Every structure is written in C-alpha cells, then in structure tokens.
Amino acid sequence: EAGVAQSPRYKIIEKRQSVAFWCNPISGHATLYWYQQILGQGPKLLIQFQNNGVVDDSQLPKDRFSAERLKGVDSTLKIQPAKLEDSAVYLCASSQRTFQETQYFGPGTRLLVL
Amino acid sequence: GDSVTQMEGPVTLSEEAFLTINCTYTATGYPSLFWYVQYPGEGLQLLLKATKADDKGSNKGFEATYRKETTSFHLEKGSVQVSDSAVYFCALSVGGSQGNLIFGKGTKLSVKP
C-alpha cells in the first residue's frame, strides 16, 4: 500500500512570494490533515478535511494561507504572500475516518523563506 | 486548552540502557494518547497508542500506559539500540468527531554504541 505522498520535498523562496504544496493521501482515506512543524516544536494542525469538506481550519492564518481538497482526494496548501516565520516543515497526514484513527504522515515539505 | 508536555531533550544513552521519556497531558473529556517517532530524514510514524485509561500500548519493545489519575503516558524501553536514535513525540487526540492530534515538542534520543 502506497503511503502519503508530498511534493516538493524542499522549497526555498523569498518573502512575499507565493508557494504551493501538494499532498496525495493513502487511497480510500477520507480524512486529510495539514500540519506545520516549526524547528524544535511539535506539529501544529493547520486544517483538516473530511472528504472534500473542511472540518477544522481554526488555526489556519486565512489572510495568507489557503487549502483545498478537490474531489476528496488530493490536496493543495498555498501560502501567499510568504513571511519569514512561515519557514517550517509542512506535513500532510491522512486517516480512514477521524476520532481515534491512526494518522499516517507523509515525508513533509521543508520550506525556507529568505 | 488541551496540551501535551514532554521532557526536554536531548537524551543521550548508551546501548542497552533503560529509556524513559516522560509525557503528561491536559485534556477535557477522554482523549486517545499516542507516541510518534521521527527517524532522521523520515516522516512521522506511529509507534504506539492507547485509547482508554489503563490501556498499555506496545511496539518494537517500547511500552506506555495510559494513566488517567496522573494524566501521564510515559514511554519506556528496557534496552535501547543505536537504531532507536530518533525524535519521539507524545500526542493526544481530542474528543468529538475531529480527531486532530495535539503534539508535544518532541524529545531527541541519541543512543551511543
């Protein structure tokens, strides 16, 4: 069974530029999560999708971050414009359903904003 | 709000030493508890979990018991190996239908031969 795929693995941009990350969850997983992991900290949830609907985006900085999950499969997370403090690893995870379900994580995208 | 506190690292041990990484939590309701591990250059992997009080999760020689009375979920291993060198994250899953994880800051473990 293929795992969670993410691309790109690394990205370097200058502040005020835009960037997009892509995630393909495990086949059949209804729930998809995006986490932000700043160096030295644990991952923090940005947004959670159930199929193609948003369940929780309370910690997503909506003035610059956006995410979508068209057709309930792949997802894209965008930052526009980027700030220095957005430098982090962006992790995508998926699970079959939600509560108490094991989440499977992708390798992450490491973003550096200069 | 809900939170997880785990012991700060880094932790350096010799091979075959006993490992304990402390984790305590604050949560409303009855969360599920998890330990995730991140090996160098790899993504987060579930190590073990427990879904109710007094449950013991175990995997690869690691164990953790869900202690409601002390709100703790300490990770233990009797004899660590060099290959256990990684960052370990304690996490809880909030109640309700959401299931998103709240993580501690992580503890880096280095095991020397």
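Residues numbered from 1 in each chain as written. Chains lettered and ligands numbered in written order. Predicted model: local features only at pLDDT ≥ 70, side-chain atom pairs only at ≥ 80, totals over all residues. Heavy atoms only, no water.

Asks: Pulling in residues and values, what's your account of a nonpolar patch on the surface?
Replies: Residues and elements named next belong to chain A. On the surface, a cluster of nonpolar side chains totalling about 300 Å² of accessible area is made up of Ile 12, Leu 112 and Leu 114. As for its position among the elements, Leu 114 is in the segment after strand E11 (109–113). Note on Leu 114: relative accessible area 54%, which makes it exposed. (Patch = residues over 30% accessible without salt bridge, like charges linked within 9 Å, V, L, I, M, F, W, Y side chains within 5 Å. Areas by Shrake-Rupley, 256 points an atom, 1.4 Å probe, with all protein chains shown as cover. Salt bridge = Lys/Arg side-chain N within 4 Å of Asp/Glu carboxyl O. Helix = DSSP H or I, 4+ residues; strand = E, 2+ residues; numbered from the N terminus. Buried < 20%, exposed > 50% of the residue type's maximum accessible area, 1.4 Å probe, protein only.)

Asks: Tell me about the layout of surface pockets, and please be specific about residues and values.
Replies: In this structure, the second largest pocket encloses a volume near 150 Å³. In terms of lining residues, the second largest pocket is bounded by Gly3(A), Val4(A), Ile26(A), Gln103(A), Tyr104(A), Phe105(A), Gly106(A), Tyr36(B), Gly43(B), Leu44(B), Gln45(B) and Leu46(B). Looking at the lining of the second largest pocket, the elements with two or more residues in it are strand E10 (104–105) of chain A together with strand E6 (44–50) of chain B. Counting residues per element, the lining of the second largest pocket draws most heavily on E6(B), at three residues. (1 Å grid on protein atoms, 1.4 Å probe; cavity = no way out; pocket = protein on both sides within 12 Å on 5 of 7 lines; lining within 4 Å. Points joined across faces, edges and corners; volume = space filled by probe spheres on them.)

Asks: Describe the interface of chain A and chain B, naming the residues involved and giving the relevant values.
Replies: In this complex, chain A contributes 21 residues to the contact, which on the side of chain B involves 23 residues. Roughly 1700 Å² is buried in total at the junction of chain A and chain B, and carbon and sulfur atoms are behind 51% of that figure. Across the chain A-chain B interface, the total number found is zero salt bridges. On inspection of chain A and its partner chain B, the count reaches three residue pairs in polar contact (both at pLDDT 80 or more). Broken down by secondary-structure element, the contributors of at least two residues to the side of chain A that touches chain B are strand E4 (31–37), strand E5 (44–50) and strand E6 (53–56) of chain A. At three residues, the largest contribution of residues to the side of chain A that touches chain B is made by E4(A). (Contact = heavy atoms within 4.5 Å. Buried area = accessible area lost by both parts, 1.4 Å probe. Polar contact = N/O pair within 3.5 Å; in protein donor to acceptor, adjacent residues only side chain to side chain.)

Asks: Please set out the packing of aromatic side chains residue by residue, giving values where relevant.
Replies: Overall, the coordinates contain 12 aromatic pairs over all chains when judged by the stated rule. Pairing Phe65(A) with Tyr90(A) gives two aromatic rings, centres 6.4 Å apart and planes at 40 degrees, and the pair type is tilted. A residue pair is termed long-range when its members are at least 10 positions apart, and Phe65(A) in strand E7 (residues 65–68) and Tyr90(A) in strand E9 (residues 88–95) qualify at 25 residues. Note on accessibility: Phe65(A) and Tyr90(A) belong to one class, buried. Where Phe105(A) meets Tyr36(B), the ring centres are 5.4 Å apart and the plane angle is 80 degrees; that geometry is what we call edge-to-face. Of this pair, Phe105(A) sits in strand E10 while Tyr36(B) is found in strand E5 (residues 32–38), placing the two residues in two different chains. Comparing Phe105(A) with Tyr36(B) shows no difference in burial state: the two are buried. (Phe/Tyr/Trp six-rings, centres within 6.5 Å; stacked < 30°, edge-to-face > 60°.)

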